[in-house]
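# Inside the fold
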Amino acid sequence: MNKGPLQIVALVLGIIGLVGTCAVTGMPQWKISAFIEENIIVFENRWEGLWMNCIRHANFRMQCKVYDSLLALSPDLQAGRGLMCASVALAFVGLLIAFIGMKCTKFMDEGTRTKGFVLISAGILLVMSGICIIIPVSWTANTIIRDFYNPLLLNAQRRELGEALYIGWAVSGFLFASVIIMICCSAPLEEKKTRLTVNSKMSTCHPPILQRQASSVYSKSQYV
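Note that the structure is a prediction, hence the values are computed from the model and not measured.

What follows covers the nonpolar core. W30, M84, L126, I133, L165 and M182 are the most contacted members of the largest nonpolar core, which has 28 residues in total. Mapped onto this core, the elements with two or more residues apiece are helix 1 (4–26), helix 2 (75–100), helix 3 (114–148) and helix 4 (163–184). Contacts of M84, omitting those with residues within four sequence positions, involve T21, V24, T25, W30, L50, C132, I133 and P136.

All right, on to the pattern of salt bridges then. Two side chains that carry opposite charge are able to pair once their charged atoms sit near each other. Tallied over the full model, the rule gives four salt bridges. The partner of R159 in a salt bridge is E48, with the nearest N and O atoms 3.1 Å apart. Placement of R159 in strand 5 (residues 159–161) and of E48 in strand 2 (residues 44–48) is noted, with a sequence separation of 111 residues between them. What makes R159 buried here is its relative accessible area of 14%.

Another point: the sheet that holds strand 1 (residues 31–33). Whenever strands of a sheet pair, they do so through backbone hydrogen bonds, lying parallel or antiparallel. Strand order in this open sheet of five strands is 4-3-2-1-5, and the pairing throughout is antiparallel. One side of each edge strand has no neighbouring strand; the edge strands of this open sheet are strand 4 (62–66) and strand 5. Adjacent strand axes in the sheet meet at a mean angle of 25 degrees, parallel and antiparallel pairs treated alike. As paired elements, strand 3 (residues 52–57) and strand 4 share five bridges and run antiparallel to each other. Bridge assignment links R56 to a residue of strand 4, and that residue is M62. This element, helix 3, spans strand 1 and strand 5 of the sheet and lies at about 140 degrees to strand 5.

In this section: the UniProt feature "transmembrane region" (unreviewed entry) in the protein. In this numbering, the UniProt entry assigns the feature "transmembrane region" (unreviewed entry) to residues 79–104, 116–145 and 165–185. The straight-line gap between the two end C-alpha atoms of residues 79–104 is 39 Å; of that span, 85% is helix and 0% is strand. In residues 165–185, the share of helix is 95% and the share of strand is 0%. The end C-alpha atoms are 31 Å apart.

Parameters and conventions
Residues numbered from 1 in each chain as written. Predicted model: local features only at pLDDT ≥ 70, side-chain atom pairs only at ≥ 80, totals over all residues. Heavy atoms only, no water. Core = buried A, V, L, I, M, F, W, Y, C linked by side-chain atoms within 4.5 Å. Buried < 20%, exposed > 50% of the residue type's maximum accessible area, 1.4 Å probe, protein only. Helix = DSSP H or I, 4+ residues; strand = E, 2+ residues; numbered from the N terminus. Contact = heavy atoms within 4.5 Å. Salt bridge = Lys/Arg side-chain N within 4 Å of Asp/Glu carboxyl O. Pairing = 2+ DSSP bridges. Axes fitted to C-alpha atoms, helices over the stretch in contact; angles between N-to-C directions. UniProt positions renumbered as here; feature names shortened; annotations may be inferred.

Dropping the structure here:
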């Protein structure tokens, strides 16, 4: 079975995951203002992200301000900065390694097991990238839900889940799907099957040859 197209599909899914990871890292819609009870001022919408907070007015004018200090962020957003940057780096390196280990590339010999090990290494990096996305996204979502039902907070201080969190969950799914396809299409499994078939053919073909050689040697000894 030609597994080259499946490897291309895995690479495309990984690229989508990398682009989505970069988008989630830069999006300010991690936390959005909640309009509940008397907090019905809908002409102003507040967004909070990893790097800045933004206020969008009803006339589609948006003002954003970068955080003055990292300490001004909540713990979930502080951890989110580092983990999302690590996720982008891991996904980028993992895709580069996966591209080197694909069957359609000629960076190394296709007949060895090296390409299979390269694909498995790339899959491990992509799994780590997906985990680095799930941790801050789920942590932030848990914080938002916990604060939303906190009776000690004012309604103006409560937030809802932003679009970046949903995109983050979807992006991690793309990365995990890419890893599954990549590992299933790794070269060592295919090479092992081919070696087993070659060995079985050799075992079935060699005995008749040995018998002919033995009979020829025996006949020569008789003439001598």
